[in-house]
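What the coordinates show
So you can see what is in the structure, the chains are spelled out below.
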Amino acid sequence: MPQTVAYIFGQAMTDVPADLFIPPDALQVVLHSFEGPLDLLLYLIRKQNIDVLDIPMVRITEQYLAYIAQMDTEQFDLAAEYLLMAAVLIEIKSRLLLPKPPEQPEEEADPRAELVRRLLAYEQMKLAAHDLDALPRAGRDFAWVYLPLELAAPVQLPAVQVADLTKAWLNILARAKHHQSHAVVQETISVREQMSHILRRLQAGQCRFSELFAVERGTAYVVVSFIALLELVKEGLVNVVQEAYFAEIHVQAASEVTEKEKP
């Protein structure tokens, strides 16, 4: 079976035509795949598994010059930076062949040190750029999805706990002890009367918890007032609210809450 040498418009060709003409520049080696002279130099080193810290300058320089010699002469502006690197390589090669002065410091003895530093820094940046390019990118690997939502959350005030009410009551009781009187006066204090007094006070609107107690009238009056408030809460005539955690407690009539809830 004859061997296929090429496909032309989908048809297999088994032999080369006698009148086939191949232009001299039909096959070109283009260095566009390299991003610069450092990229080409690093490619030559890694391709041959050469230690970048011990570069054989003679072999690498010859291979580098052979690559740039294949560039098209019309693209001289593209080859300018490659030729500059070739000059650097030739200089390093020449310095290695020359005898070393005995007074030269050890850190400056190897003329390849600066080239090695540039190659390692370039390789590090190239690997980092490759890792960044591998990350998912909006518009290339995925698209953003916008879903407009209108969320309206009702404001819910924290419920007044027994501990909060107890703490507020203890603060009122501590203040009442500072207004104790030594005069002995028999006074009858009615819980129902205090309940009516609190309701009349709340008709003007809600008030702070501490405003319901006249601490200057003594501990007995404060205790009866607190019991009256608890009875009003129990009967559902008064609500105790708190606008935020650890905030001051407010007292309001239950009718006021009902009016606010009406549409």
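Our subject in this report is the structure included herewith. Since we're looking at a predicted model, the values are computed, not measured. (Residues numbered from 1 in each chain as written. Predicted model: local features only at pLDDT ≥ 70, side-chain atom pairs only at ≥ 80, totals over all residues. Heavy atoms only, no water.)

1. Quick word on the overall build of the protein
Condition: The helix count covers DSSP runs of H or I at least four residues long, the strand count covers runs of E at least two residues long, and both are numbered beginning at the N terminus. For every residue, the accessible area obtained with a 1.4 Å probe (protein chains only) is divided by the maximum for its type, and the residue is called buried under 20%, exposed over 50%, and partly exposed between those limits. The contact rule is simple, with two residues in contact once any of their heavy atoms fall within 4.5 Å. Residue-level accessible areas treat just the shown protein chains as cover; the underlying method is Shrake-Rupley with a 1.4 Å probe.
Counting its secondary structure elements, the protein contains eight helices and five strands. Secondary structure elements of the protein, listed N to C terminal, follow the sequence β-β-α-α-α-α-α-α-β-α-β-β-α. Expressed as a percentage of its 263 residues, the buried residues of the protein come to 27%. Restricting to contacts in the protein with at least 6 residues of sequence separation, those with at least 24 account for 61%. Of the roughly 19,800 Å² that the protein leaves accessible, carbon and sulfur atoms contribute 58%.

2. Topic: the pairing of strand β5 (residues 249–253)
Put simply, the rule reads: In this scheme, strands are said to pair when DSSP sees at least two bridges between them.
Most of β5 sits inside the fold, with five of its five residues counted as buried. The two faces of β5 match: Ile249, Val251 and Ala253 on one face and His250 and Gln252 on the other face are all buried. Direction of pairing for strand β3 (residues 207–208) relative to β5: antiparallel, over a ladder of two bridges. Paired with arginine 208 across the two strands is histidine 250, which belongs to β5.

3. So, the sheet that holds strand β4 (residues 238–242)
With respect to topology, three strands assemble into an open sheet ordered β3-β5-β4, the strand pairing being antiparallel. Two strands bound the open sheet, and with one partner strand each, they are β3 and β4.

4. Some details on the pattern of salt bridges
Applied cut-off: Salt bridges are counted wherever a side-chain nitrogen of Lys or Arg sits within 4 Å of a carboxyl oxygen of Asp or Glu.
One pass over the full model with this rule turns up six salt bridges. Measuring nitrogen to oxygen at the nearest pair gives 2.5 Å for the salt bridge that ties glutamate 114 to arginine 117. Residue glutamate 114 and its partner arginine 117 are located together in helix α4 (residues 113–134), separated by three residues, close to a single helical turn. A salt bridge links arginine 192 to glutamate 235; the shortest N-O distance between them is 3.6 Å. Of this pair, arginine 192 sits in helix α6 (residues 191–202) while glutamate 235 sits in the loop between α7 (219–234) and β4, placing them 43 residues apart in sequence.

5. What to know about helix α1 (residues 37–47)
With eight of eleven residues buried, α1 is to be regarded as a mostly interior element. Turning to α1, its buried residues number three or more, namely Pro37, Leu38, Asp39, Leu40, Leu41, Leu42, Leu44 and Ile45. Positive backbone phi, approximately 55°, marks asparagine 49, located one or two places after α1.

6. Comments concerning the environment of valine 52
Position of valine 52 relative to the elements: it lies in the loop between α1 and α2 (57–69). Residue valine 52 is classed as buried on the basis of its relative accessible area, which comes to 6%. Valine 52 sits 63 residues away from leucine 115 along the chain, and the two C-alpha atoms are 9.5 Å apart. If sequence neighbours within four positions are ignored, valine 52 has contacts with Ile45, Arg46, Val116, Leu119 and Leu120.

7. Here we look at α2
Which entries qualify depends on this criterion: Expected helix span is given by 1.5 Å per residue-to-residue step, counting one fewer step than there are residues. The arc in question is traced by the directions running from the helix axis to the C-beta atoms.
Spanning 13 residues, α2 covers 18 Å between terminal C-alpha atoms, matching the ideal 18 Å at 1.5 Å per step. Considered for burial, the residues of α2 that qualify are Met57, Ile60, Thr61, Tyr64 and Ile68. Angularly, the buried residues of α2 cover 100° about the axis, an arc narrow enough to put them on a single face.

8. Topic: the packing of α6 against α7
Using the following cut-off: Fitting a line to C-alpha atoms yields each axis, with helices limited to the stretch in contact; the angle taken between N-to-C directions then spans 0 to 180 degrees. Put simply, angles under 35 degrees are roughly parallel, angles over 145 are roughly antiparallel, angles from 65 to 115 are roughly perpendicular, and the rest are oblique. Handedness of each helix crossing follows the sense of rotation of the near helix against the far helix: counterclockwise by less than a right angle gives left-handed, clockwise gives right-handed. In this classification, Asp, Glu, Lys and Arg are treated as charged, Ala, Val, Leu, Ile, Met, Phe, Trp, Tyr, Cys and Pro as nonpolar, and every other residue, Gly included, as polar.
Two numbers describe how α6 lies on α7: the axes approach to 8 Å, and their chain directions differ by 70°. When the interaxial angle is binned, α6 and α7 end up roughly perpendicular. As α6 packs across α7, the resulting crossing turns out to be right-handed. For the pair α6 and α7, contact is made by Val191, Gln194, Met195, His197, Ile198 and Leu199 and by Tyr221, Val224, Ser225, Ile227, Ala228, Leu229, Glu231 and Leu232, respectively. Looking at the contact of α6 with α7, its residues break down into ten nonpolar, three polar and one charged.

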